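Descriptive structure summary
So you can see what is in the structure, the chains are spelled out below.
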Amino acid sequence: MDVLKKVPVREQDPKVRATNFEEVCLGYNQEEAMCEASRCINCRNAQCVKGCPVAIDIPGFISKVKAGDIEAAYQVISEASALPAVCGRVCPQETQCEGKCIRGIKGEPVSIGKLERFVADWARENGIVPEGCKEKKGKKVAVIGSGPAGLTCAGDLAKMGYDVTIFEALHEPGGVLVYGIPEFRLPKKAVVAKEIENVKSLGVKIETNVVIGKSITIDQLIEEEGFEAIFIGSGAGLPKFMGIPGENSNGVFSANEYLTRSNLMKAFDPDSNTPIMHGKKVAVVGGGNVAMDAARTALRLGAEVHIVYRRSEEELPARVEEVHHAKEEGIIFNLLTNPTEILADEKGWVTGMKCIRMELGAPDESGRRRPVVIPDSEFEMPVDCVIMSLGTSPNPLISSTTEGLEVNKWKCIIADETNGKTTKEGVYAGGDAVTGAATVILAMGAGKAAAKGIDEYLSNK
Amino acid sequence: MYKIVKAKELAANIYLMDVAAPRVARYCEPGQFVIVRMGEDGERIPLTICDYDREKGIVTIVFQCVGASTKMMASLQEGDSFHDVVGPLGCPSDLVKEDPESLKNKKILFVAGGVGTAPVYPQVKWLHERGVNADVIMGSKTKDLLILEKEMEAVAGNLYVTTDDGSYGRSGMVTQVIKDLVAEGHQYDVCIAIGPMIMMKFVCLLTKELNLPTVVSLNPIMVDGTGMCGACRVTVGGKVKFACVDGPEFDGHQVNFDEAMRRQTMYRTQEGRAMLRLEEGDTHHGGCGNCQ
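Residues numbered from 1 in each chain as written. Chains lettered and ligands numbered in written order. Predicted model: local features only at pLDDT ≥ 70, side-chain atom pairs only at ≥ 80, totals over all residues. Heavy atoms only, no water.

1. Digging into the overall build of chain B
- Regarding its fold elements, chain B presents 10 helices and 16 strands.
- Computed over its C-alpha atoms, the radius of gyration of chain B comes to 19 Å, within 12% of the 19 Å expected for a compact globule of 292 residues.
- Classification of the 292 residues of chain B by burial places 54% in the buried group.
- Of the contacts made within chain B by residues no fewer than 6 positions apart, 63% connect residues no fewer than 24 positions apart.
- For chain B, the exposed surface amounts to about 12600 Å²; the carbon and sulfur share of it is 47%.
- For chain B, the centre of its 31 positive side-chain charges and the centre of its 38 negative side-chain charges are spaced 3 Å apart. (Helix = DSSP H or I, 4+ residues; strand = E, 2+ residues; numbered from the N terminus. Rg over C-alpha atoms; globule rule 2.2 N^0.38 Å. Buried < 20%, exposed > 50% of the residue type's maximum accessible area, 1.4 Å probe, protein only. Contact = heavy atoms within 4.5 Å. Areas by Shrake-Rupley, 256 points an atom, 1.4 Å probe, with all protein chains shown as cover. Lys, Arg positive; Asp, Glu negative; His and termini not counted. Charge placed at Lys NZ, Arg CZ, Asp CG, Glu CD.)

Next up, the structure:
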């Protein structure tokens with residue numbers, strides 16, 4: 001064994017997995033996990049913990065894995081995280097815990113994500129559930145949204161003894177974990193549903209089909225249903241479009257629609273009645289994780305898929321692992337390319353996309369080099385389906401119906417980063433509803449901070 | 001689960017159901033809609049709320065069988081349940097935001113086409129309860145497809161019924177009735193037209209000529225109904241709007257109906273296949289070369 005390198009993780013062969021929706025990464029077995037765990041040098045001042053938005057005691061759980069006590073390792077993780085099987089799969093470890101690992105200075109960092117995933121999967125397979133709270137506080141808290149922020153906040157509050165109800169707008173809990181991230185990255189029944197069961201086992205109630213701001217408002221929850229504090233984790237729901245001609249043609253979709261049809265509504269399953277467009281040649285516009293998810297979904301549904309992104313590979317916002325997997329599977333990257341018009345036939349169906357080539361200029365306010373148009377470089381790309389993956393903005397349903405809840409110019413709810421406190425008393429917020437589109441783990445971190453904030457507020461009330 | 005407390009066939013292939021959905025019934029208003037799902041793997045089907053009883057916690061929906069899912073829905077009986085009912089979604093009708101006193105001075109004309117009669121009904125009823133009597137034109141292809149005539153009669157000012165084939169009431173399209181009423185000297189301040197997209201398009205073409213402001217209620221393809229997917233985008237006055245959160249009611253003179261109708265056909269082939277699968281069992285897989 002090369003101590004400078006990670007124990008490699010088994011994956012489905014790219015050619016095989018490009019045709020199915022089974023999980024790409026197969027994870028460690030116990031032998032592999034214990035071997036990888038032995039690479040951890042158990043730093044006294046562990047940097048990895050500082051890199052974790054929910055501050056899992058990483059050396060603590062890894063030392064339990066090293067000793068072969070996986071159940072104890074699970075309880076260590078559970079103290080900090082409600083969704084370890086999810087995080088082990090979708091966290092950008094390379095920029096967080098693993099990015100700070102001392103081993104990474106000379107060689108590869110410890111594979112913390114894969115170890116977390118192994119521990120969570122082992123616990124699930126062996127029926128281990130997180131430990132709940134015995135003492136009840138008798139105070140009701142409402143959590144809006146059952147995505148990563150809401151589940152984390154609800155789980156933490158339940159562990160403190162609060163009576164927590166989550167309100168979910170869709171028919172299934174999980175938020176982006178269910179409608180956004182595809183099966184081949186995050187299995188729904190085996191992983192997500194089980195983690196949600198774990199949160200419920202702490203005493204959290206989940207009411208689906210309730211759209212806050214429509215079915216009932218925040219103020220009505222407080223006044224009529226006796227909730228003493230509210231956490232808003234409603235996510236960043238509204239898809240952005242480019243505003244170019246032809247964008248409403250038949251065959252142009254938001255990544256949200258395309259992924260929701262496939263993931264939440266199961267259109268990937270041939271037995272499902274949910275329709276989804278089976279494009280022959282698909283362009284996915286954008287370079288984030290969602291773009292990679294949409295592209296790899298379209299590929300599995302039988303298309304030749306192109307990622308069209310206006311900057312270069314270096315600026316791709318997607319995780320390195322996702323880009324790597326996409327390339328392995330045969331996604332074609334058309335970088336430094338920007339669409340200017342969608343072309344359609346006389347019946348309104350997409351036939352192609354007019355694009356223009358770009359080059360990188362001086363850095364913009366985000367620090368990334370600004371893409372500039374190369375004059376006279378227009379060309380046509382024949383495609384029959386275009387998926388717009390340009391990011392999302394927060395849904396105004398809640399902010400527009402809650403008096404005293406202020407938003408910033410991007411319509412994001414204004415909340416204190418350290419405790420989730422909003423401009424309205426008793427109302428806390430976190431996740432994409434506050435930050436705009438970000439990651440699962442950052443939303444979990446915000447849910448965690450807000451749970452502490454709510455506990456402080458209710459303890460002093 | 002959301003129990004069906006009443007189910008009846010109003011006309012051939014058009015069904016009415018009262019469903020226990022207390023959270024929806026509590027705050028819903030005319031003009032809003034719900035999304036229902038039959039089973040664990042069911043489609044999400046948007047339907048306009050046709051009536052509601054806040055005390056009993058019941059909402060009434062009316063639907064026409066158009067595809068596999070609605071056909072299955074028609075087989076549900078009193079005592080059965082929907083797996084999911086979510087709502088109320090969309091914005092309430094503009095009327096309910098207006099002062100009832102000023103509404104009394106307004107001459108309002110409703111134009112209801114086919115199953116579009118169902119969403120028109122709660123608005124006319126709402127006005128009637130506030131002492132405002134609106135005129136209503138109800139049109140259908142033929143006599144047997146007319147729905148809610150008695151209910152409408154009870155709440156409308158003047159009710160004009162017309163059938164395309166002349167089998168009942170006046171004869172001809174609803175647009176002809178509008179022309180006739182105007183020729184007879186009726187004057188209206190606002191028209192609210194709800195029905196098939198093609199009907200709304202032609203009503204709007206006519207009322208634009210007549211200089212009669214017209215509101216329409218659109219029912220494009222939707223998935224979540226909360227603004228998340230953008231499937232329901234329509235162009236109104238040159239701007240892209242999401243029918244689920246910005247609508248479903250829009251200024252009919254600003255709506256790009258041709259685009260909206262085109263977008264409704266997006267999944268026609270696949271919906272047809274689902275229908276065939278329901279009718280013929282799992283024998284039709286496409287691939288015959290005639291489907292795409």
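The discussion continues.
2. Thoughts on a nonpolar patch on the surface
Residues and elements named next belong to chain A.
- Taken together, Met1, Val3 and Leu4 make up a surface patch of nonpolar side chains, about 280 Å² in accessible area.
- Positionally, Met1 belongs in the segment before β1 (10–11).
- With a relative accessible area of 64%, Met1 lands in the exposed category. (Patch = residues over 30% accessible without salt bridge, like charges linked within 9 Å, V, L, I, M, F, W, Y side chains within 5 Å. Salt bridge = Lys/Arg side-chain N within 4 Å of Asp/Glu carboxyl O.)

3. Focus: the environment of Ile35 of chain B
All names here are of chain B.
- Structurally, Ile35 is set in strand β3 (residues 33–37).
- Overall, the relative accessible area of 2% leaves Ile35 in the buried class.
- Each C-alpha atom, one on Ile35 and one on Val85, is 5.8 Å from the other, the two residues being 50 residues apart in sequence.
- The residues touching Ile35, leaving out its near neighbours within four places in the chain, are Arg44, Ile45, Pro46, Asp84, Val85, Val86, Leu89, Val223, Asp224 and Gly225.

4. Structural notes on the pattern of salt bridges
All names here are of chain A.
- Enumeration over the complete set of coordinates arrives at 45 salt bridges over all chains.
- A salt bridge links Glu313 to Lys327; the nearest nitrogen and oxygen atoms lie 2.6 Å apart. Residue Glu313 is located in the loop between β10 (304–308) and α15 (320–329), and its partner Lys327 is located in helix α15; the two are separated by 14 residues in the primary sequence.
- On the basis of relative accessible area, Glu313 is assigned to the partly exposed category, the value being 38%.
- Put simply, Arg17, Glu94, Lys114, Arg185, Asp293, Arg296, Arg300, Arg319, Glu321, Glu322, Glu328 and Glu329 are held in one network by salt bridges that share partners.

5. Focus on the sheet that holds strand β18 (residues 427–429) of chain A
Residue and element names in this part refer to chain A.
- Ordered by their spatial adjacency, five strands build an open sheet running β5-β4-β3-β6-β18, and the pairing between neighbours is parallel. Sheet topology places β5 (205–207) and β18 at the edges, where each strand pairs with a single neighbour. For this sheet, the mean angle separating the axes of adjacent strands, direction not counted, is 20°.
- Judged from the five bridges that link them, strand β3 (residues 140–144) and strand β4 (residues 163–167) form a sheet pairing that is parallel. The residue bridging Val143 from the neighbouring strand is Ile166, located in β4. (Pairing = 2+ DSSP bridges. Axes fitted to C-alpha atoms, helices over the stretch in contact; angles between N-to-C directions.)

6. Things to note about unusual backbone geometry
- Cis geometry is found at the peptide bond from Gly87 of chain B to Pro88 of chain B, where omega equals -5°.
- Structurally, the position occupied by Pro88 of chain B is in strand β7 (residues 84–89).
- Cis geometry is adopted by the peptide bond preceding Pro248 of chain B, which originates at Gly247 of chain B and carries an omega value of 10°.
- Take Pro248 of chain B: it is sitting in the loop between α8 (243–246) and β16 (249–251).
- Backbone geometry at Asn209 of chain A places phi at a positive 60°, although glycine is not the residue there.
- Inspection of the secondary structure assignment puts Asn209 of chain A in the loop between β5 and α12 (218–225).
- Positive phi is not limited to glycine here, since Asn211 of chain B has a value of about 60°.
- Topologically, Asn211 of chain B is positioned in the loop between α7 (197–209) and β13 (214–217).

7. Focus: the pairing of strand β2 (residues 14–20) of chain B
Residue and element names in this part refer to chain B.
- Buried residues dominate β2, accounting for six of its seven residues.
- Sheet topology note: the β2/strand β5 (residues 58–64) ladder contains seven bridges and is antiparallel. From the neighbouring strand, Asp18 faces β5, where its bridge partner is Thr60.

8. Some thoughts on the sheet that holds strand β8 (residues 108–113) of chain B
All names here are of chain B.
- Judged by pairing direction, the sheet is mixed, and its seven strands sit side by side in the order β11-β10-β9-β8-β12-β13-β16 without closing on themselves. The strands lining the two open edges of the sheet, one partner per strand, are β11 (170–171) and β16.
- Relative to strand β12 (residues 190–194), β8 runs parallel, the two sharing five bridges. In the strand pairing of β12, Leu109 is matched with Cys191.
- Strands β8, β12 and β13 of the sheet are contacted by α7, whose axis makes an angle of about 165° with β12.

9. Side note on the confidence of the model for chain B
- Looking at chain B as a whole, its pLDDT mean stands at 90, while 93% of the residues score no less than 70.
- Below a pLDDT of 50 lies the segment residues 286–292 of chain B, which in the model reaches six contacts outside its immediate sequence neighbourhood of four places, other chains included. (pLDDT = per-residue confidence, 0-100.)

10. Section: helix α11 (residues 188–201) of chain A
All names here are of chain A.
- Taking 1.5 Å of rise per residue, 14 residues should cover 20 Å, and α11 covers 18 Å from first to last C-alpha, within 8% of that figure.
- The inward-facing, buried residues of α11 contact α5 (70–80), α6 (84–90), α8 (112–125), α9 (148–159), α10 (176–179) and β5.
- Directly beyond the C-terminal end of α11, a positive phi value near 110° is found at Gly203. (Expected span 1.5 Å × (residues − 1).)

11. Comments concerning the packing of helix α2 (residues 30–37) of chain A against α8 of chain A
All names here are of chain A.
- Across the interface, α2 lies against α8 with an axial gap of 10 Å and an inter-helix angle of 140°. It follows that α2 is oblique to α8 by the angle criterion. Crossing of α2 over α8 shows left-handed handedness. On the side of α2, the interface is formed by Gln30, Ala33, Glu36 and Ala37, while α8 contributes Leu115, Phe118 and Trp122.
- When grouped by side-chain class, the residues that make up the contact of α2 with α8 number five nonpolar, one polar and one charged. (Parallel < 35°, antiparallel > 145°, perpendicular 65-115°, else oblique. Left-handed = near helix turned anticlockwise from the far one by under 90°. Nonpolar A, V, L, I, M, F, W, Y, C, P; charged D, E, K, R; others polar.)

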